[in-house]
Amino acid sequence: MKKRTVGILLFNEVEVLDFAGPYEVFSIAAPPEDYDNHFFQAVTISETGQRINTRNGLTIKPDYSFSSHPRLDIVIVPGGKGAELYEIHNQNVIKWIKNQSFKTEIMASVCTGALLLATAGLLDGKSATTHWMDVDRLEAEFPLITVKRGVKFVDEGSVITSGGISAGINMSFHLLSRLYGKEAALNTAKNMEYEFQ
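Residues numbered from 1 in each chain as written. Predicted model: local features only at pLDDT ≥ 70, side-chain atom pairs only at ≥ 80, totals over all residues. Heavy atoms only, no water.

K.L.:
Sorry if this is basic, but what is going on with the overall build of the protein chain here?
P.N.:
Looking only at helices and strands, the protein chain has seven helices and eleven strands in total. Computed over C-alpha atoms, the radius of gyration of the protein chain comes to 16 Å, within 12% of the 16 Å expected from 2.2 N^0.38 for 197 residues, which places it in the range of a compact globule. Considered along the principal axes of its C-alpha atoms, the protein chain spans approximately 45 × 35 × 35 Å. Buried positions account for 53% of the 197 residues belonging to the protein chain. Long-range contacts, defined as pairs at least 24 residues apart, comprise 62% of the intrachain contacts of the protein chain with a sequence gap of at least 6. When the accessible area of the protein chain is evaluated, it comes to approximately 9,100 Å², of which 47% is carbon and sulfur surface. Charge separation in the protein chain, taken as the distance between the mean sites of 19 positive and 23 negative side-chain charges, equals 5 Å. (Helix = DSSP H or I, 4+ residues; strand = E, 2+ residues; numbered from the N terminus. Rg over C-alpha atoms; globule rule 2.2 N^0.38 Å. Buried < 20%, exposed > 50% of the residue type's maximum accessible area, 1.4 Å probe, protein only. Contact = heavy atoms within 4.5 Å. Areas by Shrake-Rupley, 256 points an atom, 1.4 Å probe, with all protein chains shown as cover. Lys, Arg positive; Asp, Glu negative; His and termini not counted. Charge placed at Lys NZ, Arg CZ, Asp CG, Glu CD.)

In C-alpha cells, the structure reads:
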C-alpha cells in the first residue's frame, strides 16, 4: 500500500470546514483490519508557518511553511474570504500552488480555493466548480474554464475542484475511494458517521 502525504494549505481568513473536513477524512482513513496503518499523512502548510486566524476567529498553528514542508502527493487548497480577497493577489501563494502542480499527483480545491487554482492556470481548458455564490465570478474572470453548477465536485484527473465548505468532505471521500477503493471510503465514512454512497 502506498502511503500518500496530503498537504493542506492554510492562510488567514480560511473557511474552517474547507480544510478541517478534508483533514478529518484523510487523517483517519485506514484499512479496516489495521486502523493504525493510515493511507495518508495529512499535514498543514502556510506561507510562513506562523499562526493563522481562520474565518470567524479560530487560531491554527500550521505544521510547516512553504520552505520546510515534506514532499507532497496531494495538495488541498481551501477557500473562504482569505482566498477570494487576499491570497488570489499573493504571488508567493500562487507561485507555490503552480510549482506544486508539477510535483504532486493531485491538486484539489474546496470552495473558492478554485479561484487560486484558476489564477495559477491549473484549470485552463478544464471543467471546474466552486461555491454556488462564486460560480459566476469563476466563469467571468476565467473564460477558459467550463464552470459546472449544482455539483459537489468535478474530477479532472490530476485536478479536482469541489463546491463550498461541506462539499470538500464529499470530494475527499471520492478521492479516497478513487485511490484506495470504495470499501476504504465506506469504512472511513462509517467511523465518521457520515453518509457516503
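K.L.:
Got a minute to help me understand the environment of Gly 21 in this structure?
P.N.:
Note on placement: Gly 21 falls in helix H1 (residues 16–28). With 45 residues separating them in the primary sequence, Gly 21 and Phe 66 have C-alpha atoms 22 Å apart.

K.L.:
How do you make sense of the environment of Arg 178 when you look at a structure like this?
P.N.:
Assignment of secondary structure puts Arg 178 in helix H6 (residues 167–180). Separated by 140 residues in sequence, Arg 178 and His 38 have C-alpha atoms that sit 16 Å apart. Not counting residues within four places of it along the chain, the set of residues in contact with Arg 178 comprises Ile 106, Asp 155, Gly 157 and Ile 160. A polar side-chain atom of Arg 178 sits 2.9 Å from a polar atom in the side chain of Asp 155. (Polar contact = N/O pair within 3.5 Å; in protein donor to acceptor, adjacent residues only side chain to side chain.)

K.L.:
Before we go on, may I ask you to explain the sheet that holds strand S2 (residues 40–46) in this structure?
P.N.:
Either a parallel or an antiparallel arrangement is found when strands of a sheet pair, and the pairing is made through backbone hydrogen bonds. Judged by pairing direction, the sheet is mixed, and its seven strands sit side by side in the order S5-S2-S1-S6-S7-S11-S10 without closing on themselves. Two strands bound the open sheet, and with one partner strand each, they are strand S5 (64–65) and strand S10 (153–155). Here two bridges tie S2 to S5, and the two strands are oriented parallel to one another. From the neighbouring strand, Ile 45 faces S5, where its bridge partner is Tyr 64. Against the sheet, H1 contacts strand S1 (4–9), S2 and strand S6 (74–77), and its axis sits at roughly 150° relative to S2. (Pairing = 2+ DSSP bridges. Axes fitted to C-alpha atoms, helices over the stretch in contact; angles between N-to-C directions.)

K.L.:
What's the story with the pattern of salt bridges in this structure? I'm lost.
P.N.:
Pairing between side chains becomes possible if they bear opposite charge and their charged atoms approach one another. Here the structure, examined in full by the defined rule, presents eight salt bridges. Glu 13 is paired through a salt bridge with Arg 55; the nearest N and O atoms lie 2.9 Å apart. You can see Glu 13 sitting in the loop between S1 and H1 and its partner Arg 55 sitting in the loop between strand S3 (52–53) and strand S4 (59–60), a full 42 residues away along the chain. Two residues, Asp 73 and Arg 71, come together in a salt bridge whose shortest N-O distance is 2.8 Å. Residue classification places Arg 71 among the exposed residues on the basis of a relative accessible area of 57%. Because the salt bridges share partners, they merge into one network encompassing Asp 136, Glu 139 and Arg 149. (Salt bridge = Lys/Arg side-chain N within 4 Å of Asp/Glu carboxyl O.)

K.L.:
Help me out: how do you make sense of the layout of surface pockets in this one?
P.N.:
Where empty space is left can be seen by rolling a probe of water-molecule size over the atoms. By volume, the largest pocket amounts to about 190 Å³. Around the largest pocket, the lining residues are Glu 15, Arg 55, Gly 80, Lys 81, Glu 84, Cys 111, Thr 112, His 131, Met 133, Asp 134 and Ile 165. The residue makeup of the lining of the largest pocket, split by class, is three nonpolar, three polar and five charged. (1 Å grid on protein atoms, 1.4 Å probe; cavity = no way out; pocket = protein on both sides within 12 Å on 5 of 7 lines; lining within 4 Å. Points joined across faces, edges and corners; volume = space filled by probe spheres on them. Nonpolar A, V, L, I, M, F, W, Y, C, P; charged D, E, K, R; others polar.)

K.L.:
Got a minute to help me understand the environment of Ala 20 in this structure?
P.N.:
Relative to the helices and strands, Ala 20 is located in helix H1. Taking the relative accessible area as the measure of exposure, Ala 20 reaches 29% and is therefore partly exposed.

K.L.:
Hey, could you run me through a negative patch on the surface in this one?
P.N.:
A surface patch of negative charge is lined by Glu 33, Asp 34, Asp 36 and Glu 183. Checked against the element boundaries, Asp 34 lands in the loop between H1 and S2. Relative accessible area serves as the criterion here: at 34%, Asp 34 is assigned to the partly exposed category. (Patch = residues over 30% accessible without salt bridge, like charges linked within 9 Å, V, L, I, M, F, W, Y side chains within 5 Å.)

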